[in-house]
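# Structural characterization, general
The chain contents come next:
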Amino acid sequence: MDEKKLECLKQKSQSDLSTSIEECGNINWTTLSQWVQCICVVTFDLNLGQALEYVYPSEFKPTEQEITNICYLAFPDSNSGCMGDTKFHVRLRTSPDGNICKRLLQFQVYNNDCPPILKADQAHYWGFVYFRQKRDLNLPRGYFQKSFIIITRLPFFNLFFELLNYLAPKYFNTGKSILQEACIQINSRWPSLQVGASLNLPLFENSYQILIPKASSRKAIAPSESLENFKVERAQVLHPMHNKIIASVNELDLFHSLGFIVDHMYTLWELVLTAEPIVVIGTSPADCSHMVQTLVAIIAPLEYCAEARPYFTIHDSEFKEFTRDRGKTPPHLILGVTNPFFVKLLKDWPHLLRLADNQVSLQKQQQLTTKNVLNSNSVTSIGIAGPLKTYNSNQNTTGSNGGESWIPGLYTKYKPFLKKDKSLIKKVMLGLKTKRPEHVQTALLRRHLLELTQSFMIPLERYMASLMPLQKDISPFKSAPNTNAFKLDDFLATLELSGPQLTSTLKGDWKGLYRRFYSSPNFRGWYDSRYTELQLTLQDLQLQALSEANLEQWARDKQEVEIIDMILKLKQKLNLYNDKLANETSSLCAKRHTHSATTTRDQIRAQIDCMKELLPQDLKNIVNI
């Protein structure tokens, strides 16, 4: 049906496309809404400023508050002037919606299976922006300014930037027809969102191939390996003009952002790990958004559970909440900004990361850093002794934005708990000097940071597993026991024999870092997730024990009301178990686990039938209702 609608649209002229959609009938956007919420076009109105010009599909038009935020986030918020085309991404809070719970149900199975960093955001939208600014003397202000924005709940940076790079120029050249046809093609030709399967995403003459890894997958390079196999398997079936394999839907080029600040990479890792307030300031929203997302990624596979805004403006609806309501206690937040006003406004924030202006001088900065690092000195080793507002400088210079400027780098009074790995830093910088490819540098950094985070988390995971009650404490006739409480001092006592020093070469005050991490939102998010998993495991074990118990012997000295109560409890547990099995089946869980769970379910049914046989006929009818 959707293919016919697409043909109907193609036959219409651009001038009556809005009418043609109505003539083609109402479209069920089930598949599109999994991948894309809507596509917006924001223009500069001489009287209104940034204004929403168009949104498609109109059924998914954002709320007024969301539209206001989208419009302001769609344009660079600085005086530097981003001429030409600028691409960046934003994150904005969604407004309360009566239908939101229903809409988010489509992500429930997906979120249960995917890694935390790839989950569909329940409370925020991601926006991928293509901003075009060019001189046009025919316009009143002398400039053409317009943004094309893909709104989605998925943090698939690489996929959506590919779509943005393809669709936005087409839109600027041909208009709304491309935008509408793209949505219909996605809705009719793309598969449903799923984890662990190679997906083919055709769009016009392109075909994008992706794989969303499972949460249980421990192989960091699994997606690219699977996609290579997928390319061979599908080559005989699909023959698109341009076949594009996206090895990872979300992994950004770390070295692009960390190259000039690599000497302070470990300090940044600690700041992000403990969810310290960080403001990233630059002159380009592209650089800011890339850096913020890089910071969030450096603690992978641990989920960053505090707020992160890749690009933020003074007009955002959360402006007061993030900058004023907290007084001199900044929130747990990473904020990317370009307006110089934030420098003075956020002077009390403890950590500030200053980027090179539009990254124009980044290569020169990296070369200077390389020379100094190899000589054991770094130009970005700011080492602030005074308060942040002094910028650790006796001189103020004027940047390209007309305001105060300073040397790019990290400004903080934070003293790291761990000593940096100088050999790794020198290796990275030597690669810069020898012009090692940037993607190789990124792979080196990503692997090292992954191993560092895993070394930090392994003792926590081991201790958490020890909080499981013993098997003997699980009774078929009692409620499942709770997981034992996490006690920081008890955990720290385990570090001497099984701490991160067993797998990491970094030296320092690991216990101090764990104490700081314990009070952060990242610990709370990790602990809540693990606690829920353990509780579900205990319930499964208790149900398994109940399925194997001799209930017939238990019922010998029990009254009929107690037997009926047991039957009702078994039915309740069976219903919950059936729901769980349905989710596991749809999420492609391991066959071995599904078989075991099915066996437990069948045994529970048998237990219910056994209990019914012990009741008189009139009561059997009651429990069958």
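Report on the accompanying structure. (Residues numbered from 1 in each chain as written. Predicted model: local features only at pLDDT ≥ 70, side-chain atom pairs only at ≥ 80, totals over all residues. Heavy atoms only, no water.)

## Some words on unusual backbone geometry
Spelled out, the test is: Secondary structure is summarised from DSSP: a helix means a run of H or I of at least four residues, a strand means a run of E of at least two, and numbering begins at the N terminus for each.
Here Y56 and P57 are connected by a cis peptide whose omega angle stands at -5°. Note that P57 resides in the loop between β2 (49-56) and α4 (64-73). Backbone torsion omega between A300 and P301 reads 10°, so that peptide bond is classified as cis. Positionally, P301 belongs in the loop between α12 (285-297) and β10 (307-309). With a phi angle near 55°, F204 is a residue other than glycine that sits in the positive phi range. The topology assignment puts F204 in the loop between β6 (198-203) and β7 (206-211). Phi at K435 is positive, roughly 60°, even though this residue is not glycine. Looking at where K435 falls in the secondary structure, it is placed in the loop between α16 (422-433) and α17 (438-466).

## Side note on the sheet that holds β2
Going by this rule: Here, any two strands with at least 2 DSSP bridges between them count as paired. Fitting a line to C-alpha atoms yields each axis, with helices limited to the stretch in contact; the angle taken between N-to-C directions then spans 0 to 180 degrees. The contact definition used throughout considers only heavy atoms, calling two residues in contact when any of these lie within 4.5 Å.
With antiparallel pairing, the 5 strands of this open sheet are ordered in space as β2-β1-β5-β4-β3. Of all the strands in the sheet, just β2 and β3 (84-93) have a single pairing partner and so form its edges. Across the sheet, the mean angle from the axis of one strand to that of its neighbour is 25°, orientation sign disregarded. Where strand β1 (residues 38-45) meets β2, 7 bridges bridge the pair, whose relative direction is antiparallel. Across the sheet, F44 pairs through a bridge with Q50, a residue of β2. Contacts between helix α8 (residues 176-189) and the sheet are confined to β1, β2 and β5 (143-152), with β2 contributing the most and set at about 50° to the helix. In the packing of α12 onto the sheet, contacts are made with β3 and β4 (124-135), and the angle to β3 comes to roughly 45°.

## Re the side chain of N187
Convention followed: Classification of residues uses two cut-offs on accessible area relative to the type maximum, computed with a 1.4 Å probe and protein chains only: under 20% is buried, over 50% is exposed, and between them is partly exposed. Under the rule applied, a polar contact is a pair of N or O atoms within 3.5 Å (in protein, one hydrogen donor and one hydrogen acceptor; residues adjacent in sequence only if both atoms are side-chain atoms).
With respect to the helices and strands, the residue N187 is situated in helix α8. Taking relative accessible area as the criterion, N187 reaches 5% and is therefore assigned buried. From its side chain, N187 meets the backbone nitrogen of T31 in a polar contact 3.3 Å long.

## A short note on the environment of D509
Mapped onto the elements, D509 comes out in the loop between α19 (495-498) and α20 (510-518). Put simply, D509 and K419 are 90 residues apart on the chain and 8.8 Å apart in space, counted from C-alpha to C-alpha.

## Looking at the packing of aromatic side chains
Worth spelling out the cut-off: What counts as a ring pair is set by centres within 6.5 Å for rings of Phe, Tyr and Trp (its six-membered ring), and what kind of pair is set by the plane angle: stacked under 30 degrees, edge-to-face over 60, tilted for all other angles.
Counting across every chain of the model gives 35 aromatic pairs. With a centroid separation of 5.0 Å and 80° between ring planes, the pair formed by F491 and Y514 is classed as edge-to-face. Taken together, the positions of F491 in helix α18 (residues 488-493) and Y514 in helix α20 put the pair 23 residues apart, joining distant regions of the chain. The pair F491 / Y514 is uniform in exposure class, with both members buried. Clustering of aromatic rings is evident, with ring pairs tying together W269, F456, Y463, F486, F491, Y514, F517, Y518, F523, W526, Y527 and Y531.

## Re the packing of helix α11 (residues 265-273) against α17
Under the convention used in this document: The labels follow the angle: roughly parallel below 35 degrees, roughly antiparallel above 145, roughly perpendicular from 65 to 115, and oblique for the rest. Two helices crossing with the near one rotated counterclockwise from the far one by less than a right angle form a left-handed crossing, whereas a clockwise rotation gives a right-handed crossing. Side-chain classes are defined by residue name, with Ala, Val, Leu, Ile, Met, Phe, Trp, Tyr, Cys and Pro counting as nonpolar, Asp, Glu, Lys and Arg as charged, and the others, Gly among them, as polar.
It is at 12 Å that the axes of α11 and α17 come closest, and there the two elements cross at 45°. Relative to α17, α11 is oriented oblique. The crossing of α11 and α17 is right-handed. Touching M265, Y266, W269 and L273 of α11 are L445, H448, L449, L452, T453 and F456, all from α17. For the contact of α11 with α17, the per-class residue count stands at 8 nonpolar, 2 polar and no charged.

Purely spatial values, then, with no claim about function.
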